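# Results of the structural survey
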Amino acid sequence: MELKPKPYHYVQWLGATLAAVLTTVGLAIAGARATTAGMVFLVVVVVTATQAGLAISLYSALLCAISFDFFFLPPIHTFTLAGPQEWVSITTFAVSSLVAGRVAERARIQKEQAEQRREDVERLYLLSQEMMLHEDSAGLIRALPALVARIFSLEGVVLYVQDRDQFVATVAELAELFKANLREVTGGAHTTIAQQDGFEAHALMVGMRAVGAMAWRPANLSREVATAVSAQVGIALTRAMAIEATARSEASRESDRLRTALIDSLTHELRTPLTSIRAAATTLTQDEGLDAPLRRELATVVDEESAYLDALIGEAVEMAELDARVLKVQAEQRHTRTLLEHAVEESHKVLGRHQVILMVQEPDRPVWFDARLLSRVFRHLIENAATYSPPESRIVLRSRRVDGRLEFEVEDSGPGIDKIDMPHIFEKFYRGKKRANFGKGTGMGLAIARAIMLAHGGGISVESNREHGSTFRFWVPLVDQQAAEMPQ
């Protein structure tokens, strides 16, 4: 490759020439002696060597030697030397200039190398810090090429991850031959490959195992820096994938633990009504000593416990459907008042003598939501409000539009929820301390409501105090028809 001089080199050559000329003119005007002139010219050569390098310092030494001989060594204004003393002077000046220039050049090179090492260490440290911010392997893999290119001022970077056979690059297209070469590097045929399309490639080694390969252009990184970058990237990838594998393992163990707890809880909940039903049925089969009131009481027990068992099984099936993510949101354009009125009508048995108040923000324009799913949420919340509120107390249902979403509220006049229960009320089978005093419940209603809202792209929360009861607030995003028809 042909090397072309850089523009600033011309400036250095011109500067060396001007320095020699101006120094000569200044010394001539000052009437300096040969000894003084030689020392000044030597300083000019040393300064030139420290700033511009050996070649320019030799050029400066030549100019200064010519000026020293012509203007300051007798006979003056000639290039001849008068005697041995003048030859010793010019020889001493030449040797001193050469030695001083070499020493200054070596000092300059060492300074530049130290500065380069400092910059390399800072860049490697910045790279390690940036990579530590990514704990998920997918995000790290996507960000690494652009990160390395930005920190080391590279034109293009290509990353190959062996475990996923994935290529990520900052350049537009990668040739199949280039991809094959990166796979060969990772496979262990060699740790580097010859430059191809201006790229230099290195294997990402962690110990004795290659986790991938990285290539970059231009190939201007030193061997030490390239090795350090490859090692850091390989370690970061291995760390991120190890964290991800550990998280999956922990999630799997937690899922198994929760599944076991759920089965145990569900078994207990099913066994309780079955035991009551079986005991009542066994007693009814015995004709002796049973009067009419006792028979009616036992029949009531069977009816209530079977109803509770039916509700428990129904909610368990509903929860299983939500956990399996087979629920489909089918949004339609509806009026919110119609939804609230339908929810009240559907829950009229559990409401009993409670006073239901509907508060709908006007104008009640049609919006997109799945009325079937929201009715199920209302059913669970209204049942809770009716169960835990005093008879004939009021229950308020509200709807309004707030900050790009459609909000609903169910407010009761019950005793409120204890602070210790607030973080857990949306968990499966969780029943607070106060709920034990209000009859039986499955403990899955609020968990189902939360799962439905998440499937609908919304959320649910609760506010509670002893003076005003509890207010459950749930919301769905306000969307247009196109967004409503998108698969969830």
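This one's a predicted model, so the numbers in the text were calculated from it and none came from an experiment.

Now for the side chain of Asp370. Relative to the helices and strands, Asp370 is located in the loop between β8 (367-369) and α11 (371-388). Overall, Asp370 belongs to the buried group, its relative accessible area being 2%. A distance of 2.7 Å separates the side chain of Asp370 from the backbone nitrogen of Gln330, its partner in a polar contact. Those residues in contact with Asp370, other than ones at most four positions away along the chain, are Lys328, Val329, Gln330, Ala331 and His456.

Moving on: the pairing of strand β5 (residues 209-217). Of all 9 residues making up β5, 7 are buried, and the element is well covered by its neighbours. Alignment of strand β4 (residues 199-206) against β5, held across 7 bridges, turns out to be antiparallel. Each bridged residue has a counterpart across the sheet, and for Met205 the counterpart in β5 is Ala210. A loop of 2 residues connects β4 with β5, the two strands running antiparallel in sequence, and Gly207 in this loop sits at a positive phi of about 70°.

Below, the discussion takes up the environment of Arg450. Topologically, Arg450 is positioned in helix α12 (residues 445-455). Exposure remark for Arg450: the relative accessible area of 38% places this residue in the partly exposed category. Counting along the chain gives 10 residues from Arg450 to Ile460, while the straight-line C-alpha distance between them is 6.1 Å. The contact partners of Arg450, leaving out residues within four places of it in the chain, are Phe426 and Ile460.

Moving on: the sheet that holds strand β9 (residues 394-402). Pairing is mixed across the open sheet formed by 5 strands, whose spatial order is β7-β9-β10-β12-β11. The open sheet has two edge strands, β7 (355-360) and β11 (459-465), and neither has a second partner. This sheet shows a mean twist of 15° between the axes of neighbouring strands, independent of strand direction.

To continue, consider the confidence of the model for the protein. Taken as a whole, the protein shows an average pLDDT of 79; of its residues, 83% reach a score of 70 or greater. Put simply, helix α13 (residues 481-484) is where the protein has its lowest mean pLDDT, 49, and strand β10 (residues 405-411) is where it has its highest, 92. Considering only residues more than four positions removed or in separate chains, one finds that residues 1-5, a stretch of pLDDT under 50, has 1 contact. Low pLDDT, under 50, characterises residues 484-488; the predicted model gives this stretch 5 contacts beyond four residues in sequence or across chains.

On to the pattern of salt bridges. For the structure shown, the criterion picks out 21 salt bridges. Arg394 is the partner of Glu411 in a salt bridge, and the nearest nitrogen-oxygen pair spans 3.8 Å. Taken together, the residues Glu411 in strand β10 and Arg394 in strand β9 connect sequence positions 17 residues apart. Here Glu411 falls in the buried class, since its relative accessible area comes to 15%. Among the residues examined, Arg394 registers a relative accessible area of 39% and is labelled partly exposed. Residues joined by salt bridges that share partners form a network here, namely Arg394, Arg398, Arg400, Arg405, Glu407, Glu409, Glu411, Glu463 and Arg473.

The next subject is the environment of Ser389. Position of Ser389 among the secondary structure elements: in the loop between α11 and β9. Residue Ser389 is classed as buried on the basis of its relative accessible area, which comes to 7%. Each C-alpha atom, one on Ser389 and one on Ser470, is 9.7 Å from the other, the two residues being 81 residues apart in sequence. Excluding residues that lie within four positions of it along the chain, Ser389 makes contacts with His354, Asp412, Ser413 and Gly414. At a separation of 2.6 Å, a polar atom in the side chain of Ser389 contacts the main-chain carbonyl oxygen of Ala385.

In terms of burial, β10 is a largely internal element, 6 of the 7 residues being buried. The hairpin formed by β9 and β10 contains 2 residues between the paired strands, and Asp403 there has a positive phi angle of roughly 50°.

Cut-offs applied
Sequence order sets the numbering: in each chain, residues are counted from 1 along the sequence as written. The predicted origin of the model limits local features to residues at a pLDDT of at least 70 and limits the giving and counting of side-chain atom pairs to 80 or more, whereas totals for whole chains, interfaces and linings rest on all residues. Only hydrogens and water are set aside; all other atoms, that is, all heavy atoms of the structure, feed into the side-chain values. For the purposes of this entry, the term helix denotes a DSSP run of H or I that reaches at least four residues, the term strand denotes a run of E that reaches at least two, and both are numbered from the N terminus. Each residue gets one of three labels from its accessible area relative to the maximum for its type: buried under 20%, exposed over 50%, partly exposed in between, using a 1.4 Å probe on protein chains only. In the analysis that follows, any N or O atom pair within 3.5 Å is treated as a polar contact, provided that within protein one partner can donate a hydrogen and the other can accept it, and provided that, for residues neighboring in sequence, both atoms belong to side chains. Residues are treated as being in contact if the distance between any of their heavy atoms lies within 4.5 Å. The criterion for strand pairing is that DSSP finds at least two bridges linking the strands in question. Helix axes use the C-alpha atoms of the stretch in contact, all axes being lines fitted to C-alpha atoms, and the angles between their N-to-C directions lie in the range 0 to 180 degrees. The score called pLDDT rates the predictor's confidence residue by residue, from a low of 0 to a high of 100. When a carboxyl oxygen of Asp or Glu lies within 4 Å of a side-chain nitrogen of Lys or Arg, that pair is called a salt bridge.

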